[in-house]
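The chain contents come next:
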Amino acid sequence: MTAEHPSPRDSELIEQYLDALWLEKGLSKNTLSSYRRDLAIYACWLNSRKAFLLESGRTDLLSYLNWRVRQRMKASSTSRLLSCLRGFFRYLVREGMLSEDPTLQVESPRRGRSLPKSLTETEVEALLQAPDLSDALGFRDRAMLEMLYSSGLRVSELTGLQLSQINLRQGVIRVVGKGDKERLVPLGDEAADWLVRYLREARPALIHDAENEVVFPSRRGQQMTRQTFWHRIKRHGLTAGVEQLPSPHVLRHAFATHLLNHGADLRVVQLLLGHSDLSTTQIYTHIARHRLQSLHKQHHPRG
């Protein structure tokens, strides 16, 4: 067992590092929160053993990694955490707070390349039709699902969407993604139609402040959290009878996979998703190839 919160001295050190990261790299709030969580977990583990971050050595780090293995934690999350720790300890060495980086010569755990989960086109169609349109919240959810599948937005981009970011005349959305990078994403005709209907028929019932720019407010008229939207999608997935309960990110994967299945260029998909590196997008080609092989086996006389 570990403490819930790191010691005050470790908490202050973590915040100091995150402030430096924000100033140097302009990372998003979500990324910084992820780093804060990973560093706090390690600090709590150390504190439970009467140690602190500035006293952490290679032996402590290896013991912690072994502890994670015994706790059956995923290799992918451990690899991500170790990457976070590398940056943190490099910063401490650079600032003269540590003489040696304890992450040196510590290998990341090996992990297989996992394919993102996706939905079939039939499952997506069932999910889109699941919300109850007689209710303002259901109408809102239908418009959100249509936009998510049509544009491949990240859930934080969707829940934080402002009216000023939408240009219905040109059929595009101006999205501010990771690292505050802007991109223009086309809005399909079907999604645009649902958005117009929602703005006219349902949004006024959810907005309590006429000056509120949030496109998809919560029941209380405020910006919806990612967790709230995830629970809404999960509920609609149960209604639709979708075998793999969907998350907002699963619909983003479906957006990319279905585009490639229908012949879209990989670099176009990269731009639409807002990936800075093409290699991040290439994972979807494996899904598309698997789908093509499955269709060939099912329909070709010699499959």
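This text follows the structure it describes.
All of these numbers come straight from a predicted model, not from anything done at the bench. (Residues numbered from 1 in each chain as written. Predicted model: local features only at pLDDT ≥ 70, side-chain atom pairs only at ≥ 80, totals over all residues. Heavy atoms only, no water.)

(A) Highlighting the overall build of the protein. If you tally the helices and strands in the protein, you get 14 helices and three strands. In the protein, buried positions account for 44% of the 303 residues. The contacts of the protein with a sequence gap of at least 6 include a subset with a gap of at least 24, amounting to 59%. Of the roughly 17,500 Å² that the protein leaves accessible, carbon and sulfur atoms contribute 49%. (Helix = DSSP H or I, 4+ residues; strand = E, 2+ residues; numbered from the N terminus. Buried < 20%, exposed > 50% of the residue type's maximum accessible area, 1.4 Å probe, protein only. Contact = heavy atoms within 4.5 Å. Areas by Shrake-Rupley, 256 points an atom, 1.4 Å probe, with all protein chains shown as cover.)

(B) The pattern of salt bridges, seen in detail. In the structure shown here, the tally under the stated rule is 10 salt bridges. Two residues, Arg36 and Glu15, come together in a salt bridge whose shortest N-O distance is 2.7 Å. Of the two residues, Arg36 is situated in helix α2 (residues 29-47) and Glu15 in helix α1 (residues 8-25); the sequence distance between them amounts to 21 residues. Arg36 sits in the partly exposed class, given a relative accessible area of 32%. Asp141 is paired through a salt bridge with Arg140; the nearest N and O atoms lie 2.9 Å apart. The exposure class of Arg140 is buried, given its relative accessible area of 2%. Where salt bridges share partners, they join Glu24, Arg94 and Glu95 into one cluster. (Salt bridge = Lys/Arg side-chain N within 4 Å of Asp/Glu carboxyl O.)

(C) Seen up close, the sheet that holds strand β1 (residues 166-167). As summarised here, the arrangement of the three strands in space is β1-β2-β3, forming an open sheet in which the pairing is antiparallel. Across the chains shown, the open sheet's two edge strands, defined by having one partner strand only, are β1 and β3 (182-186). One ladder, built from two bridges, connects β1 with strand β2 (residues 172-176); its direction is antiparallel. Residue Ile166 lies in a different strand from β2, and its bridge partner there is Ile173. (Pairing = 2+ DSSP bridges.)

(D) The arrangement of the packing of α2 against helix α3 (residues 58-70) in detail. Where α2 meets α3, the axes come as close as 11 Å, and the angle between the chain directions of the two elements is 105°. On the basis of their axis angle, the class for α2 and α3 is roughly perpendicular. Note on element contacts: α3 touches α2 through Asp60, Leu61, Ser63, Tyr64 and Trp67, opposite Ile41, Tyr42, Trp45 and Leu46. Looking at the contact of α2 with α3, its residues break down into seven nonpolar, one polar and one charged. (Axes fitted to C-alpha atoms, helices over the stretch in contact; angles between N-to-C directions. Parallel < 35°, antiparallel > 145°, perpendicular 65-115°, else oblique. Nonpolar A, V, L, I, M, F, W, Y, C, P; charged D, E, K, R; others polar.)

(E) Fine view of the pairing of β3. Residue alternation in β3 divides its side chains into a buried set, Arg183 and Val185, and an unburied set, Glu182, Leu184 and Pro186. Pairing of β2 with β3, which is carried by five bridges, proceeds in the antiparallel orientation. Pairing of Ile173 across the sheet is with Val185, part of β3.

(F) Representation of α1. Helix length check: α1, at 18 residues, gives a terminal C-alpha distance of 25 Å against a target of 26 Å (1.5 Å per residue), a fit within 8%. Along α1, the residues that are buried comprise Asp10, Leu13, Ile14, Tyr17, Leu18, Ala20 and Leu21. One face of α1 carries all of its buried residues, which in axial projection span an arc of 160°. Exposed side of α1, more than 90 degrees from the buried face: Pro8, Glu12, Trp22 and Leu23 are the residues found there. Those residues of α1 that are buried are in contact with α2 and α4 (75-94). A positive phi of about 60° marks Gly26, the residue just after α1. (Expected span 1.5 Å × (residues − 1). Arc of directions from axis to C-beta.)

(G) Focus on the packing of aromatic side chains. Taken as a whole, this structure holds nine aromatic pairs when the rule is applied. Seen from their ring centres, Tyr17 and Phe88 are 5.3 Å apart, and the 75° between their planes marks the pair as edge-to-face. Placement of the pair is Tyr17 in helix α1 and Phe88 in helix α4, with a sequence separation of 71 residues. Look at Tyr17 and you get buried, because its relative accessible area is 6%. Between Tyr42 and Trp45, the ring centres sit 6.3 Å apart and the planes meet at 10°, which makes this aromatic pair stacked. Taken as a pair, Tyr42 and Trp45 lie in helix α2 at a separation of three residues, close to a single helical turn. What links up through ring pairs into an aromatic cluster is the set Tyr17, Phe88, Phe89 and Tyr91. When the ring centre of Phe52 is taken as origin, the NZ or CZ atom of Arg9, which lies over that ring, is 4.1 Å away. Here the guanidinium or amino end of Arg197 rests over the ring plane of Trp194, the centre of that ring lying 4.7 Å away. (Phe/Tyr/Trp six-rings, centres within 6.5 Å; stacked < 30°, edge-to-face > 60°. Lys NZ or Arg CZ within 6 Å of the ring centre and 35° of its normal.)

(H) Local environment of the packing of helix α5 (residues 121-128) against helix α6 (residues 136-151). Their axes nearest at 9 Å, the elements α5 and α6 cross at an angle of 155°. Taken as axis vectors, α5 and α6 run roughly antiparallel relative to one another. Touching Glu121, Val124, Leu127 and Leu128 of α5 are Arg142, Leu145, Glu146 and Tyr149, all from α6. For the contact of α5 with α6, the residue count by class is five nonpolar, no polar and three charged.

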